[in-house]
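Fold and contact review
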Amino acid sequence: AQSVTQPDIHITVSEGASLELRCNYSYGATPYLFWYVQSPGQGLQLLLKYFSGDTLVQGIKGFEAEFKRSQSSFNLRKPSVHWSDAAEYFCAVGAGNNDMRFGAGTRLTVKP
Amino acid sequence: DAGVIQSPRHEVTEMGQEVTLRCKPISGHNSLFWYRQTMMRGLELLIYFNNNVPIDDSGMPEDRFSAKMPNASFSTLKIQPSEPRDSAVYFCASTPSEQETQYFGPGTRLLVL
């Protein structure tokens with residue numbers, strides 16, 4: 001059965017520091033992989049996605065993620081966090097939109 | 001483009017009442033999804049439509065929940081009768097096709113007392 005694990009429920013980083021949010025998945029084949037961000041009171045916005053090809057994916061707002069098949073991971077990174085990045089981040093996997101599973105989310109707090 | 005539009009943004013109702021949530025997908029998008037988000041269960045897919053036809057409603061929790069898409073620009077999710085455990089944020093999302101990126105609406109925050 002497919003599943004998504006985001007091990008960190010809550011992360012706090014200082015503004016300007018680097019960020020890595022972890023995502024591990026279990027899936028029978030190579031899945032489609034996504035990272036979404038949700039600001040308070042808002043819907044989910046796609047940051048980036050991986051379908052195939054280059055395993056290092058660039059997204060919006062300076063985010064990137066790397067697909068590592070051997071580790072079943074798709075971690076999200078940003079070299080320098082801004083206060084506006086404070087939000088909840090969701091990793092999702094699936095073979096298509098009707099088959100997507102979302103992780104429980106990681107809440108990011110940014111300290112000034 | 002206005003994005004996916006959902007109404008109302010907030011709904012407070014009493015147990016036993018009927019609740020109707022509305023969604024207008026992005027123009028030209030052929031697929032529409034309804035999700036429910038709670039602290040306990042996270043984000044769950046309830047039902048999705050392709051070209052106005054329900055394709056998979058296996059996520060609908062029980063018969064009290066129903067969804068319709070009478071045309072390409074409008075969908076409803078109805079709960080009748082509502083119960084306190086239905087309290088959640090309900091999201092609608094649309095996509096140009098089944099294999100492309102989903103665009104989410106702002107959600108409807110439902111509180112059933």
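What you see is a predicted model, and the numbers here were worked out from it, not measured in a lab.

The helix and strand tally for chain A stands at zero helices and twelve strands. When its helices and strands are written in sequence order, chain A yields β-β-β-β-β-β-β-β-β-β-β-β. In terms of overall dimensions, chain A is globule-like: its C-alpha atoms have a radius of gyration of 13 Å, near the 13 Å expected for 112 residues. Expressed as lengths along the three principal axes of its C-alpha atoms, the size of chain A is roughly 40 × 30 × 20 Å. The buried share of chain A, reckoned over its 112 residues, is 46%. As presented, chain A carries roughly 5300 Å² of accessible surface, and 48% of it is formed by carbon and sulfur atoms. Distance from the positive charge centre (10 side chains) to the negative charge centre (9 side chains) of chain A: 2 Å.

Below, the discussion takes up the pattern of salt bridges. Should their charged atoms come close, side chains of opposite charge can pair. Under the defined criterion, the tally for this structure stands at twelve salt bridges over all chains. Two residues, Glu64(A) and Arg77(A), come together in a salt bridge whose shortest N-O distance is 3.2 Å. Taken together, the residues Glu64(A) in strand β8 (residues 64-68) and Arg77(A) in strand β9 (residues 73-78) connect sequence positions 13 residues apart. A salt bridge links Glu62(B) to Arg64(B); its shortest N-O distance comes to 2.8 Å. Three or more residues joined by partner-sharing salt bridges are found here, namely Glu62(B), Arg64(B), Glu83(B), Arg85(B) and Asp86(B).

A word on the pairing of strand β7 (residues 65-71) of chain B. Examined bridge by bridge, β7(B) and strand β8 (residues 74-79) of chain B share five bridges and lie antiparallel to one another. Across the sheet, Asn71(B) pairs through a bridge with Phe74(B), a residue of β8(B).

The next subject is the interface of chain A and chain B. Listed per partner, the contact involves 17 residues of chain A and 18 residues of chain B. Between chain A and chain B, roughly 1400 Å² of surface is buried when both sides are summed, and carbon and sulfur atoms account for 48% of that area. The interface formed by chain A and chain B holds zero salt bridges in total. Taken together, the links from chain A to chain B amount to three residue pairs in polar contact (both at pLDDT 80 or more). Looking at the side of chain A that touches chain B residue by residue, the classes come out as nine nonpolar, seven polar and one charged.

The rules we used
- Residues numbered from 1 in each chain as written.
- Chains lettered and ligands numbered in written order.
- Predicted model: local features only at pLDDT ≥ 70, side-chain atom pairs only at ≥ 80, totals over all residues.
- Heavy atoms only, no water.
- Helix = DSSP H or I, 4+ residues; strand = E, 2+ residues; numbered from the N terminus.
- Rg over C-alpha atoms; globule rule 2.2 N^0.38 Å.
- Buried < 20%, exposed > 50% of the residue type's maximum accessible area, 1.4 Å probe, protein only.
- Areas by Shrake-Rupley, 256 points an atom, 1.4 Å probe, with all protein chains shown as cover.
- Lys, Arg positive; Asp, Glu negative; His and termini not counted.
- Charge placed at Lys NZ, Arg CZ, Asp CG, Glu CD.
- Salt bridge = Lys/Arg side-chain N within 4 Å of Asp/Glu carboxyl O.
- Pairing = 2+ DSSP bridges.
- Contact = heavy atoms within 4.5 Å.
- Buried area = accessible area lost by both parts, 1.4 Å probe.
- Polar contact = N/O pair within 3.5 Å; in protein donor to acceptor, adjacent residues only side chain to side chain.
- Nonpolar A, V, L, I, M, F, W, Y, C, P; charged D, E, K, R; others polar.

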